[in-house]
Amino acid sequence: MLGEDSILEQVRADGLLADGRPAVVLLSGGRDSTCLLDLAVRIAGAKAVSALHVNYGLRDSADGDERHCAQLCERLGVALEVRRPRRVGGSESGNLQAWARDQRYGAAAGLASARSADVAAGHTLTDQVETILYRLASSPSRRALLGMRAREGLLVRPLLGFTRVETASYCEQRGLAWREDETNASAEFARGRVRGGLVPALEAIHPGAVQNVLALSELLRDEAAVLDALVEEALAGRAQIELERLRALPAALRRLVVQRLADGAIGGPAPGAARRAEDVAALCDHGTGALDLPHGIRATAQDGVLRFGRTPALSGAPVGKKQAGASPPLN
């Protein structure tokens, strides 16, 4: 088991937190975010660190969590921002979690932008395994197996190298109390079923299951860098490609190029675009043809050049020459 000084030095060496660099820490009050906040203060300094706690009011213990976060921040000398969004409408579990995530990261992005700061999340190695397994089950995509990255834009995850047991040990060694979220172990949510059912089942099959999942993800991330370089070469730095060139690529690379162009059209992941790569490649070389993809993306071929953009709102007017078999515009 790593000591708290060893964890501190490893996080400092990773460079995701640095002396004087502003950071907004997502603080739930649990062991991981408590550990992260303390590390951020020790590395960056209390003046550079602020915390965001979102009280959704969904659990009886929610107000207690908020009070705990306020006391912790006062102890560490950190400014605390509290948001209390209230959801209007249904409470289906999947949608509820997505709504809560959007509220949390939306508020964090606003604070980080105002302070020219990074957003620090307390995702651990344990969370990484659960995320990979969940995505493997729910998303037919190679990208699902890559897991979470230590840095994604402004978002940093300094604890990805440590288990949930190690963050708890850190807090104990530092004399830091934390709150337990009873819903983490609930089978109501998919993440709880992965944590309480799937992970133990895999470990029962093989004691090294968790480490094997992580090793595979790391291997695939290394290989993804090679594939990314091939995509860059195929696109030559452009946000378009000639259909003739696209068709000449190996099928796997063709899918990756289509996915990259679709991602670029919306400024983020566009799941499922790669699965339409053959339909996109079949667009006409002459005149104008269009194909609408999921997530409000339109692939347009004009005189043999393929570009991606947002699907325009319906106006009653046709968009160029509609390609046979293309999907209707999505709203």
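Here is what the cut-offs are and how they apply
Residues numbered from 1 in each chain as written. Predicted model: local features only at pLDDT ≥ 70, side-chain atom pairs only at ≥ 80, totals over all residues. Heavy atoms only, no water. Salt bridge = Lys/Arg side-chain N within 4 Å of Asp/Glu carboxyl O. Helix = DSSP H or I, 4+ residues; strand = E, 2+ residues; numbered from the N terminus. Polar contact = N/O pair within 3.5 Å; in protein donor to acceptor, adjacent residues only side chain to side chain. Contact = heavy atoms within 4.5 Å. 1 Å grid on protein atoms, 1.4 Å probe; cavity = no way out; pocket = protein on both sides within 12 Å on 5 of 7 lines; lining within 4 Å. Points joined across faces, edges and corners; volume = space filled by probe spheres on them. Axes fitted to C-alpha atoms, helices over the stretch in contact; angles between N-to-C directions. Parallel < 35°, antiparallel > 145°, perpendicular 65-115°, else oblique. Left-handed = near helix turned anticlockwise from the far one by under 90°. Core = buried A, V, L, I, M, F, W, Y, C linked by side-chain atoms within 4.5 Å. Buried < 20%, exposed > 50% of the residue type's maximum accessible area, 1.4 Å probe, protein only. pLDDT = per-residue confidence, 0-100. Expected span 1.5 Å × (residues − 1).

Points about the pattern of salt bridges
Inference 1: On inspection of all chains with the given rule, the structure shows 24 salt bridges.
Inference 2: For the salt bridge of D181 with R59, the shortest nitrogen-to-oxygen distance reads 3.5 Å. Taken as a pair, D181 in the loop between helix 6 (164-174) and helix 7 (190-205) and R59 in the loop between strand 2 (49-54) and helix 3 (62-76) lie far apart in primary sequence, 122 residues in all.
Inference 3: Two residues, R260 and E232, come together in a salt bridge whose shortest N-O distance is 2.9 Å. With R260 in helix 10 (residues 251-266) and E232 in helix 8 (residues 209-235), this pair connects stretches of sequence that are 28 residues apart.

So, the side chain of T34
Inference 1: Mapped onto the fold, T34 is located in helix 2 (residues 31-44).
Inference 2: Engagement of the side chain of T34 in a polar contact is seen with the backbone oxygen of G30, the distance being 2.7 Å.
Inference 3: Aside from chain neighbours lying at most four places away, what touches T34 is L27, G29, H68, L72, C171, L176, A177 and W178.

Quick notes on the layout of surface pockets
Inference 1: The calculated volume of the second largest pocket comes to roughly 190 Å³.
Inference 2: Taken together, R31, L125, T126, V129, E130, T163, R164, V165, V199, E203, V210 and Q211 make up the full set of residues lining the second largest pocket.
Inference 3: For the lining of the second largest pocket, the element with the highest residue contribution is helix 5 (residues 125-138), accounting for 4 residues.

Focus on the environment of P269
Inference 1: Along the chain, P269 turns up in the loop between helix 10 and helix 11 (277-281).
Inference 2: Ignoring any residue separated from it by four or fewer positions in sequence, one finds P269 in contact with R143 and D263.

Details of the packing of helix 2 against helix 3
Inference 1: Their axes nearest at 11 Å, the elements helix 2 and helix 3 cross at an angle of 20°. Judged by the inter-axis angle, helix 2 sits roughly parallel to helix 3. Here helix 2 runs over helix 3; the crossing is right-handed. Taking contact as the criterion, the partners of T34, L37, D38 and V41 in helix 2 are, on helix 3, H68, L72, C73 and L76.

Quick notes on the nonpolar core
Inference 1: One finds L37, L39, V49 and V78 to be the most contacted residues of the largest nonpolar core, which totals 31 residues.
Inference 2: Here this core gets 8 residues from one element, more than from any other, and that element is helix 2.
Inference 3: Apart from residues no more than four positions distant in its own chain, L39 is found in contact with I7, L8, V11, L17, L159 and Y170.
Inference 4: Listed in part, the 27 residues of the second largest apolar core include L246, L256, L261 and A273.

Remarks on the confidence of the model for the chain
In low-pLDDT segments, the atomic positions of the prediction should not be examined closely.
Inference 1: Mean pLDDT over the chain: 89, with 92% of residues reaching 70 or higher.
Inference 2: Predicted confidence is poor over residues 316-331, with pLDDT under 50, and the contacts of this stretch with residues over four places away or in other chains come to 30 contacts.

Looking at helix 5
Inference 1: Taking 1.5 Å of rise per residue, 14 residues should cover 20 Å, and helix 5 covers 20 Å from first to last C-alpha, within 8% of that figure.
Inference 2: Of the residues making up helix 5, those classed as buried are L125, D127, Q128, V129, E130, T131, I132 and L133.
Inference 3: Lining the buried residues of helix 5 we find helix 2, helix 6, helix 7 and helix 8.

Re helix 6
Inference 1: Inspection of helix 6 places R164, E166, T167, A168, S169, Y170 and C171 among the buried residues, and these make up the whole buried set.
Inference 2: The elements touched by buried residues of helix 6 are helix 1 (4-14), helix 2, helix 5 and helix 7.
Inference 3: Phi turns positive one or two residues past the end of helix 6, at G175, with a value near 70°.

A closer look at unusual backbone geometry
Inference 1: One non-glycine residue, S116, adopts positive backbone phi at about 50°.
Inference 2: Position of S116 relative to the elements: it lies in the loop between helix 4 (93-115) and strand 4 (118-120).
Inference 3: In this structure S116 comes out as exposed when scored by relative accessible area, which is 64%.

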